[in-house]
Amino acid sequence: MNAFLNQLPIGLSIGAVLLLVALGLTFTFGQMGVVNMAHGEFLMAGAYTAYMLQSWAGRQAVLVALPVAFFVAGLMGLVLERTLIRRFYGRPLDTLLLTWGVSLILQQVARDLFGAPNVQVKAPTWLVGGAEWSGIRMPYARMFILALAVVCVVAIWFYLARTKQGRRMQAVMQNRELAACSGIATSRVDQRTFFIGSGLAGVAGVGLTLIGPVGPALGTYYIVDAFLVVVAGGLGQLRGAVLAAFVLGLLNSYVEYWSDASLAKVVVFAVIIGFLQIRPQGLFVLRSRKLT
Amino acid sequence: MLEVTGLEVAYGRAQVLFGVDLAVPDGGLVCVMGRNGVGKTTLLNAVMGVLPTRAGKVVFEGRDVTRLPTHQRVRLGMGYVPQGHETFGQLTVAENLRVTWEASGSKDRGVVDEALDVFPRLRPLLKRRAGFLSGGQQQQLAIARALVTGPRMLILDEPTEGIQPSIVTEIEDAVERLHRERGLAVLLVEQYLDFAMRLADRFTVLDAGVVVHEGAGAELRDERVRGLLAV
Ligand SMILES: Nc1ncnc2c1ncn2[C@@H]1O[C@H](COP(=O)(O)OP(=O)(O)OP(=O)(O)O)[C@@H](O)[C@H]1O
Ligand SMILES: [Mg+2]
């Protein structure tokens with residue numbers, strides 16, 4: 001029983017990381033119909049933003065970086081959408097290869113700018129250490145990431161459900177052609193979706209600096225996990241992403257506890273594959289029929 | 001009101017429309033007919049800019065809209081109800097109408113109410129997700145959604161196809177009233193003769209991507225014209 005409780009916060013925090021890295025991807029995926037392979041590099045851009053800001057924000061860099069990274073990564077996403085991706089809507093395979101190429105280029109750019117070795121971002125002093133309740137330990141950094149994930153989800157939920165722009169975004173994701181036929185300027189919505197989705201990756205990247213080093217290949221460690229969460233949750237589905245991230249996080253932490261890390265990865269992967277056999281559309285479905 | 005000339009449309013290398021001409025007079029009702037797969041939906045999609053055209057021109061109220069994106073054609077007053085009672089399935093009925101109304105840039109909330117007056121059955125369903133409605137209810141929502149864009153012309157693609165008979169008459173009556181009472185021009189794709197005969201000023205018969213007949217509504221009684229439509 002104690003082991004079960006002990007693993008719970010670990011599982012939740014793994015889930016929170018998964019959710020953060022996948023959240024933005026759900027939207028760009030929902031919109032393009034294909035995974036944005038450069039999403040991982042937007043995470044990296046967010047992480048390096050925190051690293052760069054240390055020179056004047058010192059140990060509070062992580063906090064300062066959250067909005068800045070949102071903007072930096074968002075802008076990168078916007079440029080990517082405007083210059084390349086929008087020419088390839090309706091061509092998923094091309095888009096996939098294209099964003100993969102962009103991902104490799106961005107990694108090289110990071111190597112040139114910041115050097116190949118990993119760097120460290122110093123966490124604020126108030127995030128060092130952890131809390132303990134009756135034998136259950138939870139590092140403050142992990143709690144911060146969990147809180148960050150919750151804030152991001154609530155913000156996105158509010159945007160989608162309660163704002164004019166958010167409703168438009170949903171309409172375009174659910175039925176692009178019908179949205180255009182309803183007078184919605186879909187390309188403007190696309191830009192906004194890309195800005196927000198990529199910006200969320202930047203925010204996630206800042207969070208990642210609290211739990212590991214920052215390097216040019218940071219994104220490659222997370223893109224697969226993010227992809228799995230998005231696919232399991234259903235494209236463009238907030239509820240689905242939240243549920244999938246925490247189920248996978250908890251599963252991961254318990255299997256890891258009873259066996260080891262690599263077996264945990266295998267089990268999680270097998271569960272997702274099995275699940276997608278039963279429900280290829282993911283937990284929740286977004287799209288209704290297309291125009292005939 | 002609408003003038004289409006020499007329209008050619010292709011899906012990749014497969015050409016589907018070969019120089020189609022079509023005209024809808026101000027406040028008129030024109031019906032496009034033809035068997036399955038002759039290119040009726042393709043024609044409407046091209047008129048709305050959902051599909052790119054290879055050649056030809058689309059002029060709406062004297063303005064060449066051939067190169068305009070779809071949403072701008074909608075804002076000019078072309079209200080489109082695509083085939084297959086399309087809705088935003090995960091949004092509620094109210095949100096479907098609201099997102100459309102917001103996109104129209106109209107300040108007048110009465111537009112949504114007027115659309116609901118045309119289809120009062122939708123009122124008790126406002127909080128329901130559109131994806132959970134019956135086909136007939138979805139089609140009513142689809143037409144209401146088009147009305148909210150503030151159209152001067154309604155473009156309807158088989159609005160009664162696959163819909164329970166009780167609602168078919170409601171939809172037909174609504175279209176008739178919108179046309180007669182509000183003076184909306186209508187471009188209608190319809191497979192069923194009765195409705196077309198009752199309403200159409202003029203009709204156009206398509207076959208394999210070309211216009212094979214064009215005439216006044218009354219001619220629909222003609223045996224030869226019926227022959228063009230028989231399966
Ligand atoms: N997306 C597409 N890609 C390739 N070919 C298509 C596509 N959509 C339609 N077609 C082809 O174009 C032709 C015309 O199709 P269209 O949907 O316009 O016919 P329709 O007259 O509307 O038929 P229906 O009465 O069944 O709705 C058909 O031969 C169809 O196979
Ligand atoms: Mg059709």
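Residues numbered from 1 in each chain as written. Chains lettered and ligands numbered in written order. Predicted model: local features only at pLDDT ≥ 70, side-chain atom pairs only at ≥ 80, totals over all residues. Heavy atoms only, no water.

Undergrad: Could you give an account of the overall build of chain B, naming the residues involved and the relevant values?
TA: Counting its regular elements, chain B contains 8 helices and 10 strands. Over its C-alpha trace chain B gives a radius of gyration of 17 Å, about what one expects of a compact globule, namely 17 Å for 231 residues. Split into buried and exposed, the 231 residues of chain B put 57% on the buried side. The long-range share in chain B, meaning contacts at least 24 apart out of those at least 6 apart in sequence, stands at 66%. Total accessible area on chain B stands at roughly 9,600 Å², and carbon and sulfur atoms take up 49% of it. In chain B, the 27 positive side-chain charges and the 29 negative ones have mean positions that sit 6 Å from each other. (Helix = DSSP H or I, 4+ residues; strand = E, 2+ residues; numbered from the N terminus. Rg over C-alpha atoms; globule rule 2.2 N^0.38 Å. Buried < 20%, exposed > 50% of the residue type's maximum accessible area, 1.4 Å probe, protein only. Contact = heavy atoms within 4.5 Å. Areas by Shrake-Rupley, 256 points an atom, 1.4 Å probe, with all protein chains shown as cover. Lys, Arg positive; Asp, Glu negative; His and termini not counted. Charge placed at Lys NZ, Arg CZ, Asp CG, Glu CD.)

Undergrad: Which residues make up the site of ligand 1, and what values go with them?
TA: Residues and elements named next belong to chain B. In the region of ligand 1, 13 residues are neighbours, and N36, G37, K40, T41 and T42 sit closest. T41 is positioned with one of its side-chain polar atoms (N or O) 2.6 Å from an oxygen atom of ligand 1. Separating an oxygen atom of ligand 1 from a side-chain N or O atom of E158 is a distance of 3.1 Å. A total of 3 residues in the shell around ligand 1 trace back to one element, the largest contributor, which is helix α1 (residues 40-48). (Near = heavy atom within 4 Å. Polar contact = N/O pair within 3.5 Å; in protein donor to acceptor, adjacent residues only side chain to side chain.)

Undergrad: Explain the pattern of salt bridges to me, using residue names and the numbers behind them.
TA: Opposite charge on two side chains makes pairing possible when the charged atoms of those side chains draw close. All names here are of chain B. Applying the stated rule across the entire model yields 14 salt bridges over all chains. E61 is paired through a salt bridge with R152; the nearest N and O atoms lie 2.7 Å apart. Note that E61 is positioned in the loop between β4 (55-60) and β5 (63-64) and R152 in the loop between α5 (135-148) and β7 (153-157), a separation of 91 residues in sequence. Given a relative accessible area of 41%, R152 falls into the partly exposed group. Each of D173, E176, R180 and R198 takes part in a single network of salt bridges with overlapping partners. (Salt bridge = Lys/Arg side-chain N within 4 Å of Asp/Glu carboxyl O.)

Undergrad: Please set out the layout of surface pockets residue by residue, giving values where relevant.
TA: Space inside the largest pocket adds up to approximately 940 Å³. Around the largest pocket, the lining comprises 36 residues; the ones closest to its centre are Y89(A), R176(A), E177(A), T186(A) and V50(B). Contributing elements (two or more residues each) for the lining of the largest pocket: α1 (2-32), α6 (164-174), α7 (176-181) and α8 (186-208) of chain A together with β1 (2-11) and α2 (70-76) of chain B. In the lining of the largest pocket, the residues fall into 15 nonpolar, 11 polar and 10 charged. (1 Å grid on protein atoms, 1.4 Å probe; cavity = no way out; pocket = protein on both sides within 12 Å on 5 of 7 lines; lining within 4 Å. Points joined across faces, edges and corners; volume = space filled by probe spheres on them. Nonpolar A, V, L, I, M, F, W, Y, C, P; charged D, E, K, R; others polar.)

Undergrad: Requested: an account of the sheet that holds β1(B), with residues and values cited.
TA: Residue and element names in this part refer to chain B. Here we have 4 strands laid out as an open sheet, ordered β2-β1-β4-β5, and antiparallel in their pairing. A strand with exactly one partner marks an edge of an open sheet, and here the two such strands are β2 (14-24) and β5. In the packing of α1 onto the sheet, contacts are made with β1, β2 and β4, and the angle to β1 comes to roughly 115°. (Pairing = 2+ DSSP bridges. Axes fitted to C-alpha atoms, helices over the stretch in contact; angles between N-to-C directions.)

Undergrad: Could you give an account of the coordination of the magnesium ion (ligand 2), with specific residues and numbers?
TA: Residues and elements named next belong to chain B. For the magnesium ion (ligand 2), the protein coordination sphere consists of T41 (OG1) and Q83 (OE1), at 1.8 to 2.2 Å. Of the two residues, T41 sits in helix α1 while Q83 sits in the loop between β6 (78-81) and α3 (93-104), which places them 42 residues apart along the sequence. Using a relative accessible area of 14% as the deciding quantity, one classes T41 as buried. (Donors = N, O, S within 2.8 Å, 3.2 Å for Na, K, Ca; no water.)

Undergrad: Which residues make up the side chain of R145(B), and what are the values?
TA: Mapped onto the secondary structure, R145(B) falls in helix α5. No salt bridge forms around the buried R145(B); measuring N to O, its nearest opposite-charge neighbour E86(B) is 8.3 Å away. A distance of 2.8 Å separates a polar atom in the side chain of R145(B) from a polar atom in the side chain of S182(A).

Undergrad: Explain the side chain of H71(B) to me, using residue names and the numbers behind them.
TA: Mapping H71(B) onto the fold places it in helix α2. Excluding residues that lie within four positions of it along the chain, H71(B) makes contacts with A180(A), G183(A), I184(A), A185(A) and T186(A).

Undergrad: Explain unusual backbone geometry to me, and be specific about the residues and the numbers.
TA: In the Ramachandran plot, E61(B) falls in the positive-phi region, its phi being about 50° despite a non-glycine side chain. When its relative accessible area of 37% is taken as the criterion, E61(B) is described as partly exposed.

Undergrad: Could you give an account of the interface of chain A and chain B, naming the residues involved and the relevant values?
TA: Listed per partner, the contact involves 26 residues of chain A and 28 residues of chain B. Between chain A and chain B, a total of about 2,300 Å² is buried, with carbon and sulfur atoms accounting for 54% of that surface. If you sort the residues of chain A by the area they bury against chain B, R167(A), L178(A) and C181(A) come out on top, with a joint share of 27%. The interface formed by chain A and chain B includes 1 salt bridge. Note that E102(B) is salt-bridged to R167(A), the shortest N-O span being 2.7 Å. Between chain A and chain B we count 7 residue pairs in polar contact (both at pLDDT 80 or more) in total. If you tally residues by element for the side of chain A that touches chain B, the top one is α6(A), at 6 residues. (Buried area = accessible area lost by both parts, 1.4 Å probe.)

Undergrad: So, the packing of α3(B) against α5(B): which residues are in play, and what are the values?
TA: Residue and element names in this part refer to chain B. As a packed pair, α3 and α5 sit with axes 8 Å apart at the nearest point and diverge in direction by 20°. When the interaxial angle is binned, α3 and α5 end up roughly parallel. Where α3 crosses over α5, the handedness of that crossing is right-handed. Together, V93, N96, L97, T100, W101 and S104 of α3 and L141, A144, R145 and V148 of α5 make up the contact between the two elements. Residues belonging to the contact of α3 with α5 are distributed by class as follows: 6 nonpolar, 3 polar and 1 charged. (Parallel < 35°, antiparallel > 145°, perpendicular 65-115°, else oblique. Left-handed = near helix turned anticlockwise from the far one by under 90°.)

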